Amino acid sequence: MESNKLYIETYGCQMNFADTEIVLGILKNHGYSLAENPDEADVILLNTCSIRDNAEQRIYGRLGNLKVLKNHNPDLVLGILGCMAERLRDDLILEKKVVDLVVGPDEYRRLPELIDVAFNGGKGIGVKLSRTETYDDIVPHREDGLQAWISVMRGCDKFCTFCVVPFTRGRERSRQLASIVDEVKQLSDRGFKEVTLLGQNVNSYKDEENDFADLLSACAEVDRSMRIRFTTSHPQDLSDKLLYTISEYSNICNYIHLPVQSGSDRILELMNRTYTIDHYLKLIEKAKKIIPGVSFSTDIISGFPTETYEDHIMTLDLMTQVRYDGAYMFKYSPREGTKAFKMNDDVPDDVKTKRLQEIIDLQSKISYEINQQLIGKEEIVLVEGPSKKSELFLSGRTDSNKVAIFPSATNIKPGDYVKVKIKRATQATLFGDFVCQVDPFNLSALKTA
Ligand code: 5AD
Ligand code: SF4
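Residues numbered from 1 in each chain as written. Chains lettered and ligands numbered in written order. Predicted model: local features only at pLDDT ≥ 70, side-chain atom pairs only at ≥ 80, totals over all residues. Heavy atoms only, no water.

Colleague: Account for the sheet that holds strand S14 (residues 255-257), naming residues and giving values.
Modeller: Strand order in this open sheet of three strands is S14-S15-S16, and the pairing throughout is parallel. A single partner strand is all that each edge strand has here, and the edge strands are S14 and strand S16 (326-331). Pairwise comparison of adjacent strand axes, ignoring direction, gives a mean angle of 10° for this sheet. Across six bridges, strand S15 (residues 295-302) lies against S16 in parallel orientation. Within S16, the position partnered with Ser 297 by the bridge is Gly 326. (Pairing = 2+ DSSP bridges. Helix = DSSP H or I, 4+ residues; strand = E, 2+ residues; numbered from the N terminus. Axes fitted to C-alpha atoms, helices over the stretch in contact; angles between N-to-C directions.)

Colleague: Provide a residue-level description of the domain arrangement of the protein chain, including the pertinent values.
Modeller: Domains assigned within the protein chain are domain 1 (5-126), domain 2 (147-372) and domain 3 (378-448). Between the C-alpha centres of domain 1 and domain 2 the distance comes to 29 Å. For domain 1, the biggest contributors to the area lost against domain 2 are Met 15, Arg 52 and Arg 87; these three give 36% of the whole. Where domain 1 packs against domain 2, one counts five salt bridges. Residues Arg 169 and Asp 19 are paired through a salt bridge, measuring 3.1 Å at the closest nitrogen-oxygen approach. Across the domain 1-domain 2 interface, the total number found is eight residue pairs in polar contact (both at pLDDT 80 or more). Counting only elements with at least two residues in the side of domain 1 that touches domain 2, the list comes to helix H1 (14-29), helix H2 (53-67) and helix H4 (83-95). For the side of domain 1 that touches domain 2, the element with the most residues is H1, which contributes seven residues. (Domains from an automatic or database assignment. Buried area = accessible area lost by both parts, 1.4 Å probe. Salt bridge = Lys/Arg side-chain N within 4 Å of Asp/Glu carboxyl O. Polar contact = N/O pair within 3.5 Å; in protein donor to acceptor, adjacent residues only side chain to side chain.)

Colleague: So what's going on with the site of ligand 1? Residues and values would help.
Modeller: The environment of ligand 1 is formed by Ile 51, Arg 52, Phe 162, Gln 261, Asp 299, Ile 301, Phe 330, Lys 331, Tyr 332, Ser 333 and Arg 335. In the model, an oxygen atom of ligand 1 is placed 3.1 Å from a nitrogen or oxygen of the Arg 52 side chain. In this structure, a nitrogen atom belonging to ligand 1 sits 2.7 Å away from a main-chain N or O atom of Ser 333. Coverage of ligand 1 by the protein chains reaches 86% of its 400 Å² of free accessible surface. When residues of the shell around ligand 1 are traced back to their parent elements, those giving at least two are S15 and S16. (Near = heavy atom within 4 Å. Areas by Shrake-Rupley, 256 points an atom, 1.4 Å probe, with all protein chains shown as cover.)

Colleague: Would you mind going over the nonpolar core in detail, with residue names and values included?
Modeller: Proteins that are soluble and globular tend to have nonpolar side chains buried together. Ranked by size, the top nonpolar core spans 64 residues in total, and within it Val 152, Leu 197, Phe 212 and Ile 256 carry the most contacts. With residues near it in sequence (within four places) discarded, Phe 212 still touches Val 152, Leu 197, Val 202, Asn 203, Tyr 205, Phe 230 and Leu 242. Ranked by size, the runner-up nonpolar core spans 22 residues in total, among them Ala 41, Leu 78, Ile 80 and Met 84. (Core = buried A, V, L, I, M, F, W, Y, C linked by side-chain atoms within 4.5 Å. Buried < 20%, exposed > 50% of the residue type's maximum accessible area, 1.4 Å probe, protein only. Contact = heavy atoms within 4.5 Å.)

Colleague: Which residues make up the sheet that holds strand S18 (residues 393-398), and what values go with them?
Modeller: With mixed pairing, five strands are arranged side by side around a closed barrel as S17-S18-S19-S21-S20. With strand direction ignored, the average angle separating the axes of adjacent strands in the sheet is 50°. As paired strands, strand S17 (residues 378-386) and S18 are joined by five bridges and run antiparallel to one another. Bridge pairing links Gly 385 to Ser 395 in S18.

Colleague: Lay out the pattern of salt bridges in plain terms, naming residues and giving numbers.
Modeller: Across all of its chains, the model carries 38 salt bridges by this definition. Note that Asp 19 and Arg 154 form a salt bridge whose closest N and O atoms lie 2.9 Å from each other. Taken together, the residues span a long stretch of sequence, with Asp 19 in helix H1 and Arg 154 in strand S8 (residues 153-154) at a distance of 135 residues. Across the pair, Arg 154 and Asp 19 agree in class, each one buried. Salt bridges linked by common partners bring Asp 19, Asp 106, Arg 154, Arg 169 and Arg 173 together as one network.

Right, dumping it as structure tokens:
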């Protein structure tokens, strides 16, 4: 019998992309093969995101398009995975009747069985959250490449009042250190050069006596020529030990994603973020001392309930003080079931939009200035391949995750580390000249470049 063909689209955060690789690992083991297009597929899955309303609306729109395929192929199974499966199971299956399959983030092992239910005309539903599921033993399906994501823990116990994640992804749980280290080894053997360890709050990683700093150093030891990144950190839980670990290993990137959300202590308290701006700024100062050259990115929400113009100005002030390399910036979106949902969403949409635009404009200016300061300096770049615009140029990333473009040089290939002297910069990209190749086992120049 010919194998069933699967088509999958992924929305939302990197955790979802990592989960899609787990889903592919599971279904390939059950004989599924991949379809290039939705119209060739027997099963179409959307791995979805609920973090803001616009993410969900986009996915509803896409479902509307895909449903049309069922007119030609009534046996087609259409399914929703991920956060929307947890949040909207009844709406999707019972009310809108648009899908045959709804499977939440902790039930992917049951996918083969639930898809069979749908093939036989039933509704495949699996939306239980688990306190223990980590998919530790599942080998994710990854195409060959240079860069991989590894999810090291699942769920979140922080309950920020705006956030739906604790409800859609459940309680926090960590994978075993040994199995993560094994995965890094396998990726290194396959020629991967960069691994990003993922979790909603990696700082609370725990496997018996090992904490996240232990995990990070164990991963960095596997292959000193492999860059290690991680995300996301919570300002309350980021330990000194972690900062020292980052500074100790030349292959752990000097880059910390540290969502602040707001510059106002009053708003932070309403958000249940459990730190003050004073604590946050002291943490940034400490990190700068321990890790010379460290850079930061952040997440910011504009227009949280009761946010005043003064609160908004405090956010802009904070951004000016920290000078983030980059930021992910959002308008507050009320999510049913969260604590903030019960607060009055009282900042009018046009005010949210205006404040968000001011935040974006300020960040653009800061990113541009930071990049201008790199002109004349040398950066170590992991070469990824030809630049998008021209085969005559190569593209790669610096330690601080900035894209750098430089003219191709003989014998330089994807996966090499090279030193590039920056000549010109925009807000998003560095342009430079090739200086020399760098010994991949001695990336310490990264720390001083
Ligand atoms: N509205 C707007 N932004 C949100 N985020 C999480 N929940 C919401 C929401 N309800 C943002 C936060 C978080 C990032 C992943 O998404 O900034 O850090
Ligand atoms: Fe959501 Fe807060 Fe957990 Fe991040 S730390 S996933 S914002 S609840």
